[in-house]
Amino acid sequence: YDNAGTDTNEFIEIGCNQEVNITGYKLVLYNGSGGIQYNTASLSGLCSPLTNFVVQNYNSKIQNGESDGIALVNESNEVVEFISYEGYLEAVDGPAIGMTSVDIRVSENSEVSADESLQLVGKGCKRSDFTWLSTPAPSSAGDVNNNQKISCVQGEVWINELHYDNAGTDRNEFIEIGCNQEVNITGYKLVLYNGSG
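A brief structural summary.

Once that is clear, we can look at a nonpolar patch on the surface. Together, Ile159, Leu162, Tyr164, Ile175, Ile177, Ile185, Tyr188, Leu190 and Leu192 make up an exposed nonpolar region whose accessible area comes to about 950 Å². Counting residues per element, the ones that place at least two in the nonpolar patch are strand E15 (157-163) and strand E16 (174-179). With respect to the helices, strands and loops of the structure, tyrosine 188 is situated in the segment after E16.

Written as structure tokens, this is what we have:
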């Protein structure tokens, strides 16, 4: 949002940990002076951590602070995330009305290169696994950031429920396998162990 000379290459990148259709999502920019919205961009397309992060470009429209904010809003007009730079603000209108932004505690200034940006780094799956790099870094718009690895447990399975004893003759004995997504468990085994020896 800020760089040496005339502000150029301004953008906001949307990341994800799996394929997400963000058609209907919006980026709402907030002015830290008064907490009102000043720009709304409608998003569309497929966000994918493997092939494509969605980038919304701006032509010198993102304010340089202080305390200016960005709200990511889903297709149901619910705020997914509300962040700010150079301080925090409380929104007084728009989808984030009544909400206080989360200050990312890193900023740009008039000495930053137009080819640099503010980025999340770290390794993990959820947004909370990543932190904002303390200084601007070479831009990676449209791709995973430098020093960022999105790694989610895929196809995790576990023993979810079982029955082994009841009144009278044991019956309806079973072991249930749970999962967090569709998983082909062909080749998996359930091995029963005797606790006596």
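What follows covers the layout of surface pockets. Left-over empty space is what a probe sized like a water molecule reveals as it rolls over the atoms. Estimated volume of the largest pocket: approximately 1,100 Å³. As for the largest pocket, its lining consists of 46 residues, of which Glu13, Ile14, Gly15, Glu81 and Leu120 are closest to the centre. If you list the elements that add at least two residues to the lining of the largest pocket, you get strand E1 (10-14), strand E7 (68-73), strand E8 (79-85), strand E10 (116-117) and strand E14 (148-150). In terms of residue class, the lining of the largest pocket is built from 27 nonpolar, eleven polar and eight charged. The space that makes up the second largest pocket amounts to roughly 200 Å³.

Here we come to the pattern of salt bridges. This model, assessed by the stated rule, comprises two salt bridges. Note that glutamate 81 and arginine 127 form a salt bridge whose closest N and O atoms lie 2.9 Å from each other. Taken together, the residues glutamate 81 in strand E8 and arginine 127 in the loop between strand E11 (120-124) and strand E12 (131-132) connect sequence positions 46 residues apart. Residues lysine 126 and aspartate 129 are paired through a salt bridge, measuring 3.8 Å at the closest nitrogen-oxygen approach.

Conventions used here
- Residues numbered from 1 in each chain as written.
- Predicted model: local features only at pLDDT ≥ 70, side-chain atom pairs only at ≥ 80, totals over all residues.
- Heavy atoms only, no water.
- Patch = residues over 30% accessible without salt bridge, like charges linked within 9 Å, V, L, I, M, F, W, Y side chains within 5 Å.
- Areas by Shrake-Rupley, 256 points an atom, 1.4 Å probe, with all protein chains shown as cover.
- Salt bridge = Lys/Arg side-chain N within 4 Å of Asp/Glu carboxyl O.
- Helix = DSSP H or I, 4+ residues; strand = E, 2+ residues; numbered from the N terminus.
- 1 Å grid on protein atoms, 1.4 Å probe; cavity = no way out; pocket = protein on both sides within 12 Å on 5 of 7 lines; lining within 4 Å.
- Points joined across faces, edges and corners; volume = space filled by probe spheres on them.
- Nonpolar A, V, L, I, M, F, W, Y, C, P; charged D, E, K, R; others polar.

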